[in-house]
Amino acid sequence: MKKFLTVLFAVMMVLTLAGCAKEEAAPEAETVTAKGVYTVYNNTGANVGGVYIYPVGSADKGTNFVEAKLGDTYDGCLKNFRKMVIDANDDPNFAEWTGVEEEKPHFVFEFYAYDADADDLCGELIGTFENLALEEAGIVLITEDMRAGATQIAWAGKDYNEMTMNINFYNRTGKDVTSLKLYNSETKELVADVLADLGLESMPCDEEAHAWSFSEPLDVAHDIHYDVEWVYGEDTLTLGVDDTHALSFENTAMQLLSKNNMADYNSGATCVVWLPPVVTPVTAK
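None of these values were measured; they are calculated from a predicted model.

**Overview of the overall build of the chain**
Broken down by element type, the chain carries 5 helices and 18 strands. Evaluated residue by residue, the chain yields a buried proportion of 41% over its 285 residues. Look at the contacts in the chain between residues 6 or more apart in sequence, and 64% of them connect residues 24 or more apart. Entry remark: accessible area of the chain is about 15600 Å², with carbon and sulfur atoms responsible for 49%.

Written out as C-alpha cells, the structure is:
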C-alpha cells in the first residue's frame, strides 16, 4: 500500500508540473503592421544634396532620394527650411510589412551637404542615424552644434516642433521706417510686427543692421510666403505687391528701399536689395 501511494504521488507531481509548464508557456508574439513614410525637413542651414535610407548591413546605399525626387527643382537640392516625403512609391523597402516587432526592418539614414564648388550633390557627410525603424515619422536634419542628443537628426513633433528664420533689416529709404510688418501672402493676414518685436517705435535710416528672428511650425515653414510692408514718411512699399518677389521662410538680409531710390540700388524695379544670409551655411561635419 505504501508503495502504491508513493507511485500515485509521483504521478500526481508529474501531472502538476506538466500543467504548470503548460500554463507558463510564453504567449505567441503579437504581429504588427508598419510602413515607411518619412517626412524629411532640412534645418541644417545648408543645401542638402544627398539623402540615403538603406537596410542595415547593406553595402548598397541605393537611391539618392534628393536627386530622384527633386531633380532640377530648387537646383536639385533640398534647400534649407524645405521638406520632402519619402515612401513606398520611392522605394519598395518602405511598403507595408506585417510581422513580429523584433523582426521589423531597420535602416541606415545618411544625409550629405551639396558641394557647390565641385557641383557634387553628395559632398561631405553631415550626419548618420544607424537604426531607423520602418515607421511613419518626421525627421529634422540638424547640425552638430544644434543637436541635443547623440545624433544629427531630431524627431518632428517630439524633439522638434518649429523652425526659426533670421533676417537682418537695413533701412535705405532715406527716412525713418515707422512700420514694418509681415503678412501671409495667401491669406493677407498679419503675421508679425517687426518693430514691435524689436522694441522700436521707428527704424532710423543708418548703417545699422536690425536682426530679427521669427518661428513657424514645421508644417507651415516649408512653403509659406510673406508680403513685407514698410512705411517711411508718408509712403508705403510692399515686397510681394509692389515687387512680386515675396519673402519665403529663409535666413537672409534685406535693404528696404524707397520708390525714389530703387533705380539707384537696382537695375530693375525691385524694392529691396538682398544680401547674404544672417546665418552662414554650416560646414558639413
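The structure having been displayed, the exposition proceeds.
**Thoughts on the nonpolar core**
In this structure, Met165, Phe169, Leu180, Leu182, Trp212, Trp230 and Leu247 are the most contacted members of the largest nonpolar core, which totals 37 residues. In contact with Leu182, other than residues within four places in its own chain, are Met165, Glu189, Leu190, Val191, Ala192, Val194, Trp212, Tyr226, Asp227, Val228 and Leu247. Counting residues in each nonpolar core, the second largest holds 27 residues, with Val51, Leu70, Leu134 and Ile153 among its members.

**Brief notes about the pairing of strand E3 (residues 48–55)**
E3 sits mainly inside the fold: 7 of its 8 residues count as buried. The pairing of E3 with strand E6 (residues 106–113) spans 7 bridges and is classified as antiparallel. Across the sheet, residue Ile53 finds its bridge partner in E6, namely Phe109.

Rules behind the numbers
Residues numbered from 1 in each chain as written. Predicted model: local features only at pLDDT ≥ 70, side-chain atom pairs only at ≥ 80, totals over all residues. Heavy atoms only, no water. Helix = DSSP H or I, 4+ residues; strand = E, 2+ residues; numbered from the N terminus. Buried < 20%, exposed > 50% of the residue type's maximum accessible area, 1.4 Å probe, protein only. Contact = heavy atoms within 4.5 Å. Areas by Shrake-Rupley, 256 points an atom, 1.4 Å probe, with all protein chains shown as cover. Core = buried A, V, L, I, M, F, W, Y, C linked by side-chain atoms within 4.5 Å. Pairing = 2+ DSSP bridges.

By themselves, these figures tell us nothing about what the structure is for.
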